[in-house]
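# An overview of the molecular structure
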Amino acid sequence: MFIMSPTSKMQESLHLFYRIFVTVYYCTFFTQHLIWLYQIQDNVSELVDTLYVLLTLLNSLGKLMIFNVRRTRIKHIVEIIKGPVFAPNSKRHEELIMRNAAQMKRLFRAYQGFGIVCSAMWMMYPLMTRFLGEEVRFPMYWPFSTDKLPTFLFVVAYNTIMVHWISISMVAMDCITVGFYMQAQLQLQMLRYNFMHLADTEDETNDEDDDKFEVKIYRDVESSQFENLFRKRLIMCIKRQQLIVWLVDEVESVFGSSMVLQFLVIGWIISMTVYKIIGLNVMSAEFVTMIAYLGCVLLQLFLFCYYGTQLKVESEFVNQSIYESDWTALSPRLRRPLLIMMERCYQPVAPCIAYVVPMSLDTFISIVKSAYSLYTFLDQS
């Protein structure tokens, strides 16, 4: 995973113009919905139609601001991931990297495809509704009537471009954030492999038939060269473990405010979307569109919680990997650093939201339950 940077003055200027244009476009779209929300504040049905879109825009706008304001720190994270400490140093590491890259590619393509389908259905809904002779109302402020065909097509094109833009940008920003956590999980897998082979000699095979517990003399006592090799390996493991902890903490610090905003509003989005779906005809185009939209929202929430859980589970096996190494072949003098390392790795690496709420599947279930409770409140009011 990498983030491309401008390589010339022209590219840098165009990129700056693009970022300004997208930010203005986002803010304009958001303001139109905000004005409309104020105009229909007494109408509960139209209020719900506007709020779930407005909250989605707010979530996307918050992430966009983070990527613009903290882009230097994000680039620094990418440079660290590409750095020498995280570099592979065995064939097994390369296999893990290739597997992780393939998983990230599948995730991005599936998520992007889901977003494109959702935005395409969002475009088709007003066209099909008008084709069927029904009234089409756009839940946003316009200073002119949208009933005539030219203005109607203009508004549809305007909405389609913005919704597609939001969909693609949300997919990209989410995949970058989730990708950082996947990188941390990958590095933990590489660290575990290094720990398991920490006490191996350079020419030692890893066949299952080898009995590592038949040791006549400690390896470090027998060879000072092995002791130097062991200490070198241990130092590299310590550096990798420290950098993994830093990576998770830095990602949490950089994206913390946007993650708090996302997890706060996403429960409202789910509840209001369900509230709207309940009142729709199952065979209508709007119903299918809203189902696809709800699926995107749930997928967005699930990805963060799932990979947060995967990262924590992977970190909990680090101590086991140290114990599975051939530590019995080491003298007590070299076993002490391993005990200290096990104590360092005792605390699992667990990403959190606002440094308090764990990013886990339990949190996902709690948010869905809270969204259902909010829906029942809206349904009774």
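Below is a summary of the structure that appears in this document. (Residues numbered from 1 in each chain as written. Predicted model: local features only at pLDDT ≥ 70, side-chain atom pairs only at ≥ 80, totals over all residues. Heavy atoms only, no water.)

Another aspect to go through is the overall build of the protein chain. Tallying secondary structure elements over the protein chain gives 11 helices and two strands in all. Reading the helices (α) and strands (β) of the protein chain from amino to carboxyl end gives α-α-α-α-α-α-α-α-α-α-β-β-α. Along the longest, intermediate and shortest principal axes, the C-alpha atoms of the protein chain span 90 × 55 × 35 Å. Sorting the 381 residues of the protein chain into buried and exposed places 46% on the buried side. Taking the contacts inside the protein chain whose residues are at least 6 apart along the sequence as the reference set, 82% of them involve residues at least 24 apart. (Helix = DSSP H or I, 4+ residues; strand = E, 2+ residues; numbered from the N terminus. Buried < 20%, exposed > 50% of the residue type's maximum accessible area, 1.4 Å probe, protein only. Contact = heavy atoms within 4.5 Å.)

When the charged atoms of two side chains with opposite charge come close together, those side chains can pair. Considering all chains together, one arrives at seven salt bridges under this definition. Note that R219 and D326 form a salt bridge whose closest N and O atoms lie 3.0 Å from each other. Taken together, the residues span a long stretch of sequence, with R219 in helix 6 (residues 219-222) and D326 in the loop between helix 9 (318-323) and helix 10 (332-344) at a distance of 107 residues. Summarising the burial analysis for this pair, R219 and D326 share the class buried. When salt bridges that share partners are traced, they join E227, R231 and R333 into one network. (Salt bridge = Lys/Arg side-chain N within 4 Å of Asp/Glu carboxyl O.)

Its 31 residues place the ends of helix 1 (residues 9-39) 45 Å apart at the C-alpha level, agreeing with the 45 Å of an ideal helix rising 1.5 Å per residue. Among all positions of helix 1, only V22, T23, Y25, Y26, F29, F30, Q32, H33, W36 and L37 are buried. In this structure, the buried side of helix 1 is in contact with helix 2 (44-69) and helix 5 (149-196). (Expected span 1.5 Å × (residues − 1).)

One recurring pattern in soluble globular proteins: nonpolar side chains tend to sit buried together. Core analysis: the largest hydrophobic core is formed by 97 residues, its most contacted members being F138, F180, F195, F230, F255, F263 and L301. The element contributing the most residues to this core is helix 5, with 20 residues. Excluding anything up to four places from it in sequence, F230 contacts L198, A199, L330, L334 and L338. (Core = buried A, V, L, I, M, F, W, Y, C linked by side-chain atoms within 4.5 Å.)

A few words now on empty space enclosed by the protein. Per the counting criterion, the structure on display carries two cavities of 30 Å³ or more. What lines the largest cavity is simply K63, F67, M173, D174, T177, F255, S258, M259 and F304. If you list the elements that add at least two residues to the lining of the largest cavity, you get helix 2, helix 5 and helix 7 (224-278). Considering only residue class, the lining of the largest cavity consists of five nonpolar, two polar and two charged. Within this model, the second largest cavity holds a volume of roughly 30 Å³. Breaking the lining of the second largest cavity down by element, the ones donating at least two residues are helix 7 and strand 1 (352-353). Tallying contributions element by element places helix 7 first for the lining of the second largest cavity, with five residues. Within the lining of the second largest cavity, the residues separate by chemical class into seven nonpolar, one polar and one charged. (1 Å grid on protein atoms, 1.4 Å probe; cavity = no way out; pocket = protein on both sides within 12 Å on 5 of 7 lines; lining within 4 Å. Points joined across faces, edges and corners; volume = space filled by probe spheres on them. Nonpolar A, V, L, I, M, F, W, Y, C, P; charged D, E, K, R; others polar.)

The next thing to look at is the packing of helix 2 against helix 8 (residues 285-315). With their axes 13 Å apart at the nearest point, helix 2 and helix 8 run at an angle of 35 degrees to one another. Helix-helix and strand crossings are classified by hand; for helix 2 and helix 8 the assignment is left-handed. Facing helix 2, whose interface residues are Y52, T56, N59 and K63, helix 8 presents M290, Y293, Q300 and F304. Among the residues forming the contact of helix 2 with helix 8, the class breakdown is four nonpolar, three polar and one charged. (Axes fitted to C-alpha atoms, helices over the stretch in contact; angles between N-to-C directions. Left-handed = near helix turned anticlockwise from the far one by under 90°.)

Let us look at a nonpolar patch on the surface. A grouping of M124, L127, M128, L149 and L153 is seen on the molecular surface, where their side chains present a nonpolar patch of about 410 Å² in accessible area. Elements supplying a minimum of two residues to the nonpolar patch: helix 4 (91-131) and helix 5. Assignment of secondary structure puts M124 in helix 4. (Patch = residues over 30% accessible without salt bridge, like charges linked within 9 Å, V, L, I, M, F, W, Y side chains within 5 Å. Areas by Shrake-Rupley, 256 points an atom, 1.4 Å probe, with all protein chains shown as cover.)

On to the packing of aromatic side chains, then. According to the stated counting rule, one finds 18 aromatic pairs in the structure shown. Ring centres of W142 and F154 lie 6.1 Å apart, and the angle between their planes is 75 degrees; this geometry places the pair in the edge-to-face category. You can see W142 sitting in the loop between helix 4 and helix 5 and its partner F154 sitting in helix 5, a full 12 residues away along the chain. We classify F154 as partly exposed; its relative accessible area is 45%. Taken together, F17, Y18, F21, Y25, F29, W142, F144, F154, Y158 and W165 form an aromatic cluster joined through their ring pairs. If you follow R130 out to its NZ or CZ, it ends over the ring of F152, 4.5 Å from the centre. (Phe/Tyr/Trp six-rings, centres within 6.5 Å; stacked < 30°, edge-to-face > 60°. Lys NZ or Arg CZ within 6 Å of the ring centre and 35° of its normal.)

In this section: the environment of I97. Looking at the element boundaries, I97 is found in helix 4. Note on I97: relative accessible area 27%, which makes it partly exposed. For the pair I97 and I238, spaced 141 residues apart in the sequence, the C-alpha separation amounts to 20 Å. If we ignore the near neighbours within four places in the chain, the residues touching I97 are P88, L186 and M190.

A few words on the side chain of H93. With respect to the helices and strands, H93 occurs in helix 4. By relative accessible area, H93 is classed as buried at 0%. A distance of 2.9 Å separates a polar atom in the side chain of H93 from a polar atom in the side chain of N89. (Polar contact = N/O pair within 3.5 Å; in protein donor to acceptor, adjacent residues only side chain to side chain.)

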